[in-house]
Amino acid sequence: MVGLIWASKTVAPDDHAHAKNVEYHFIHWGQEMVTEEQEEQKKETCEQFFARIEALQLQERDTPKGMKDLLPPVRNNKPNSCGVRFFSKTKHKGEGVRIDQGVPGSSYSSQIVDHVSITYTGQKVDRNGTLMPNGTTGNRTATKEETHIPLTQWSTWKTWYSK
Amino acid sequence: MEVEYPWVREELIERLNELSNPIWQKQAWIEKKFDTDSYFYNFDSMIHFFLDDWRFQDNIKEYIGIILKSEEEAQSITKLVATLFKVLHAVDAEGKSSDDDHITHPFWSSVISAAREALDAFSRAEYNGFPKKAD
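Quantities reported herein were computed from a predicted structural model and do not represent experimental measurements. Throughout this description, residue numbers start from 1 for each chain and increase along the sequence as written. Lettering for chains starts from A, numbering for ligands starts from 1, and both go in the order in which the items are written. Local features in this predicted model are restricted to residues of pLDDT 70 or higher, and side-chain atom pairs are both shown and tallied only at a pLDDT of 80 or more, whereas totals for entire chains, interfaces and linings draw on every residue.

Enquirer: In this structure, what is going on with the overall build of chain B? I would like to understand it.
Expert: Of the regular secondary structure elements, chain B holds six helices and zero strands. Helix and strand definitions here come from DSSP, where helices need a minimum of 4 consecutive H or I residues and strands a minimum of 2 consecutive E residues; each element is numbered from the N-terminal end. The order of α-helices and β-strands along chain B, N terminus first, is α-α-α-α-α-α. For this measure, only C-alpha atoms enter the radius of gyration; the expected value for a globule follows 2.2 Å times N^0.38, where N is the number of residues. Taking 135 residues into account, the globule formula puts the C-alpha radius of gyration at 14 Å, and chain B, at 15 Å, falls close to it. Seen along its three principal axes, the alpha-carbon backbone of chain B occupies a region of about 45 × 40 × 30 Å. Three exposure classes are used, all based on how many other C-beta atoms lie within 10 Å of a residue's own C-beta (placed from the backbone): buried at 20 or more, exposed at 12 or fewer, and partly exposed between those limits. Looking at chain B residue by residue over its 135 residues, the buried ones come to 36%. Excluding contacts between residues fewer than 6 apart, the proportion of contacts in chain B whose partners are at least 24 apart in sequence is 65%. Contact between residues is assigned whenever the C-beta positions, reconstructed from backbone atoms, fall within 7 Å.

Enquirer: I'm lost on the overall build of chain A in this one. Help?
Expert: For chain A, the count of helices and strands is five helices and nine strands. Evaluated residue by residue, chain A yields a buried proportion of 28% over its 163 residues. By sequence separation, contacts in chain A at least 24 residues apart represent 40% of the contacts at least 6 residues apart.

Enquirer: Help me out: how do you make sense of the interface of chain B and chain A in this one?
Expert: Put simply, an interface is often sized by how much accessible area is lost when its parts join up. Across the boundary between the two partners, chain B contributes 22 residues, which contact 22 residues of chain A. Gly counts as polar in this scheme, as do all residues outside two lists: the nonpolar Ala, Val, Leu, Ile, Met, Phe, Trp, Tyr, Cys and Pro, and the charged Asp, Glu, Lys and Arg. Taken together, the residues of the side of chain B that touches chain A break down into eleven nonpolar, three polar and eight charged.

Enquirer: Teacher, can you tell me more about the environment of A:Met132 here?
Expert: Residue and element names in this part refer to chain A. Among the secondary structure elements, methionine 132 is positioned in the loop between β8 (123-124) and α3 (135-141). Under the C-beta neighbour-count criterion, methionine 132 is labelled buried, with 20 such atoms within 10 Å. Measuring from C-alpha to C-alpha, the distance between methionine 132 and alanine 142 comes to 7.8 Å, with ten residues separating the pair along the chain.

Enquirer: Could you clarify how one ought to interpret the pairing of strand β7 (residues 115-120) of chain A in this entry?
Expert: The side chains of a regular strand alternate between both faces of the sheet. All names here are of chain A. Counting buried positions over the six residues of β7 gives six, a clear majority of the element. A two-sided burial pattern is seen for β7, the buried positions comprising His115, Ser117 and Thr119 on one face and Val116, Ile118 and Tyr120 on the other. By definition, two strands form a pair when at least two bridges between them are found by DSSP. Of the strand pairs in this sheet, strand β6 (residues 96-100) and β7 are connected by five bridges, and their pairing is antiparallel. Bridge pairing links glycine 96 to threonine 119 in β7. As paired strands, β7 and strand β9 (residues 149-150) are joined by two bridges and run antiparallel to one another. For valine 116, the partnering residue across the bridge sits in β9 and is isoleucine 149. Bridge count between β7 and β8: two bridges; the pairing is antiparallel. In the sheet register, threonine 119 faces β8, and the bridge partner there is lysine 124.

Enquirer: Sorry, what's going on with the packing of helix α4 (residues 71-93) of chain B against helix α6 (residues 108-127) of chain B here?
Expert: For any two helices packed against each other, one specifies the crossing angle of their axes together with the interaxial distance. Residue and element names in this part refer to chain B. Two elements in contact, α4 and α6, have axes whose closest approach is 9 Å; the angle formed by their N-to-C orientations is 165°. By the angle class used here, α4 and α6 are roughly antiparallel. Between α4 and α6 lies a crossing whose hand is left-handed. Residue-level contacts link Glu72, Glu73, Ser76, Ile77, Lys79, Leu80, Thr83, Leu84, Lys86 and Val87 of α4 to Trp108, Ser110, Val111, Ala114, Ala115, Glu117, Ala118, Ala121, Phe122, Arg124 and Ala125 of α6. A per-class count over the contact of α4 with α6 returns twelve nonpolar, three polar and six charged. Where helices are involved, their axes are fitted lines through C-alpha atoms of the stretch in contact, as for all axes, and angles between N-to-C directions lie from 0 to 180°. Orientation categories follow fixed angle ranges, with anything under 35 degrees roughly parallel, anything over 145 roughly antiparallel, 65 to 115 roughly perpendicular, and all other angles oblique. Handedness of each helix crossing follows the sense of rotation of the near helix against the far helix: counterclockwise by less than a right angle gives left-handed, clockwise gives right-handed.

Enquirer: Can you walk me through helix α2 (residues 22-30) of chain B in this structure?
Expert: One full turn of an α-helix is made of 3.6 residues, so residues set three or four places apart face in the same direction. All names here are of chain B. When we look at burial in α2, the residues that qualify are Gln25, Ala28 and Trp29. The buried residues of α2 occupy an angular sector of 85° when projected down its axis, which confines them to one face. In this fold, the buried residues of α2 make contact with α1 (6-19), α3 (43-53) and α5 (99-103). Count one or two residues on from α2 and you reach lysine 32, which has phi positive near 55°. Along the arc lie the directions from the helix axis toward the C-beta atoms.

Given below as C-alpha cells:
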C-alpha cells in the first residue's frame, strides 16, 4: 500500500511542554520522509506562539513561581514581532516578563531560540538572575546574550525574576 | 521633583536623543557602526522600550513620579508613541519590515520632530526652562 503512515511522535525530554518541539515522523515504504510542505507546516505561527506562551501562566509545570500573580498577557506591538508581555501588578513600574519567539536565521545566537527579557525594579535581569547595573550604562554594556534568557532555562527559575 | 526610577528616566532621555538624531540612527541601526551585540544599539530594542516593556501608550500619567516629572512630559511621550505607531502600521501595510524601511519612511520625520519636542519638555522640567541669554 502506497501512502504516508504516521509512525510516532517524539518530544524533546527537556522541553516536553512545548508543542513547537514535538516532531512528527512519517514513514514511506520504510523510509523516513518529510516533504517541504510538511516542514513548512511545522513552523509555528505567531498565533500558535501566543497560545503556547499565554498558556504558561495557567500551568504549574515548567513555569517559575509567581507567574499566576502577573497580569493577563499583552502582545508585542511591532507587527510581525511575535512576543508576549506579562506585567506585575505594579505595571506602572514596568515590572514583568517579555517572551519573544525565536528567529531561526537570526545572526544573534540569543535570538535563535524563544527568549525571555525581564524588567524588575526598572532594571534588566541577566541570565544569572542578577539585576543589571542601573541606567543606560548598564544597558549599553549589556549584550543581548546577557539580557535574552532562553525560555527553556528561565522555565526552571524559582521565580519569574530570580534564578 | 524627584522620580522613583531616575535610571529609567536617564535611559528614556538617552533614547529620545537617539530618536531625534537621524544621523545616529543610520550609523547605529543600519550601518551597525557601534557595538552591534549590545542590547541597546538596535531598532528593536528601541521599539520594545517604548511600546512593549514600558507601554507608554497605556495610562501615561501613572508614570509621573516614577519616570516622568510633569504632565507636559507625559503629553510629549504620548505624541511620540502615536508617531511610532503610525510608522509601524504604515510600513507593515506596505508589506515591509526592515529597520531601514522604518527610518526611511516618509512618516519617520514626524517621529524625529516628536522626539525633539519631548526633549524640550524634559529640559523644561529638568532645568525649569533654558537659562536666559544675557542681554
